[in-house]
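Here's the letter readout for the chains.
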Amino acid sequence: EAGVAQSPRYKIIEKRQSVAFWCNPISGHATLYWYQQILGQGPKLLIQFQNNGVVDDSQLPKDRFSAERLKGVDSTLKIQPAKLEDSAVYLCASSPGGSYSNQPQHFGDGTRLSIL
Amino acid sequence: QQQVKQSPQSLIVQKGGISIINCAYENTAFDYFPWYQQFPGKGPALLIAIRPDVSEKKEGRFTISFNKSAKQFSLHIMDSQPGDSATYFCAASKADKLIFGTGTRLQVFP
């Protein structure tokens with residue numbers, strides 16, 4: 001099966017600019033996650049979707065970050081305006097979801113964002 | 001209470017040796033403990049996982065040992081190979097929300 005697809009792979013912008021990332025999860029996976037991984041740290045959950053509804057966005061800096069998952073498939077994460085501390089790799093993950101909890105999360109290779 | 005503490009930060013092992021990475025947690029509500037392997041430029045990949053009703057799980061050269069009373073779990077990599085050189089993350093989960101440790105960079109020398 002095809003894995004989680006993310007684009008772009010790299011993005012360089014100046015602070016205060018806006019940027020968007022795209023994620024296509026594994027086909028049929030109901031749950032989609034966005035993580036932020038700062039260099040030298042573990043991934044940190046930003047937002048979790050179940051189909052096209054938000055399950056948890058408590059760690060999302062909502063003054064600058066937004067995410068949507070239209071039609072319960074692809075998702076986009078946007079940052080506007082970007083700050084220097086947003087430099088990180090943004091990872092998308094998906095899992096089958098459904099009735100069983102703690103199903104394996106499958107990660108994409110991420111988008112590396114550099115803020116100048 | 002939501003933290004997962006991981007050690008060591010880095011580990012150097014000779015080929016054929018045993019690599020051991022340790023993690024500790026505080027929240028007893030966690031009910032799933034996976035380990036992920038990450039190569040440079042790639043996303044984390046699930047290696048092995050355990051639930052708290054089991055004390056040990058083995059898959060090939062990889063073993064998780066779980067101590068519920070001490071709230072600790074560890075990854076053992078037997079017969080470590082240069083291809084195992086990567087960063088390893090432990091994690092703890094409740095309601096499908098993963099909390100990751102800080103990572104251990106493993107280098108296996110021939």
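Residues numbered from 1 in each chain as written. Chains lettered and ligands numbered in written order. Predicted model: local features only at pLDDT ≥ 70, side-chain atom pairs only at ≥ 80, totals over all residues. Heavy atoms only, no water.

Participant: Go over the interface of chain B and chain A, please, and point to the residues and values.
Facilitator: Taken together, the contact between chain B and chain A spans 19 residues of the former and 21 residues of the latter. Both faces combined, the contact of chain B with chain A buries some 1600 Å², and carbon together with sulfur accounts for 45% of it. Where chain B touches chain A, the interface holds one salt bridge. The interface formed by chain B and chain A contains seven residue pairs in polar contact (both at pLDDT 80 or more). Among the elements that make up the side of chain B that touches chain A, the one with the highest residue count is strand β10 (residues 97-100) of chain B (three residues). Among the residues forming the side of chain B that touches chain A, the class breakdown is eight nonpolar, six polar and five charged. (Contact = heavy atoms within 4.5 Å. Buried area = accessible area lost by both parts, 1.4 Å probe. Salt bridge = Lys/Arg side-chain N within 4 Å of Asp/Glu carboxyl O. Polar contact = N/O pair within 3.5 Å; in protein donor to acceptor, adjacent residues only side chain to side chain. Helix = DSSP H or I, 4+ residues; strand = E, 2+ residues; numbered from the N terminus. Nonpolar A, V, L, I, M, F, W, Y, C, P; charged D, E, K, R; others polar.)

Participant: Describe the nonpolar core, and please don't skip the residues or the numbers.
Facilitator: Residues and elements named next belong to chain B. Ranked by size, the top nonpolar core spans 24 residues in total, and within it Phe33, Trp35, Phe73, Leu75, Tyr88 and Leu106 carry the most contacts. Residue assignment for this core shows that the elements contributing at least two residues are β2 (10-14), β3 (19-25), β4 (33-38), β5 (45-50), β7 (62-67), β8 (72-77), β9 (86-94) and β11 (104-109). Here this core takes four residues from β9, the largest share from any one element. With near-sequence residues (within four places) excluded, Leu75 lies in contact with Ser19, Ile20, Ile21, Trp35, Leu47, Ile48, Phe62, Thr63 and Tyr88. (Core = buried A, V, L, I, M, F, W, Y, C linked by side-chain atoms within 4.5 Å. Buried < 20%, exposed > 50% of the residue type's maximum accessible area, 1.4 Å probe, protein only.)

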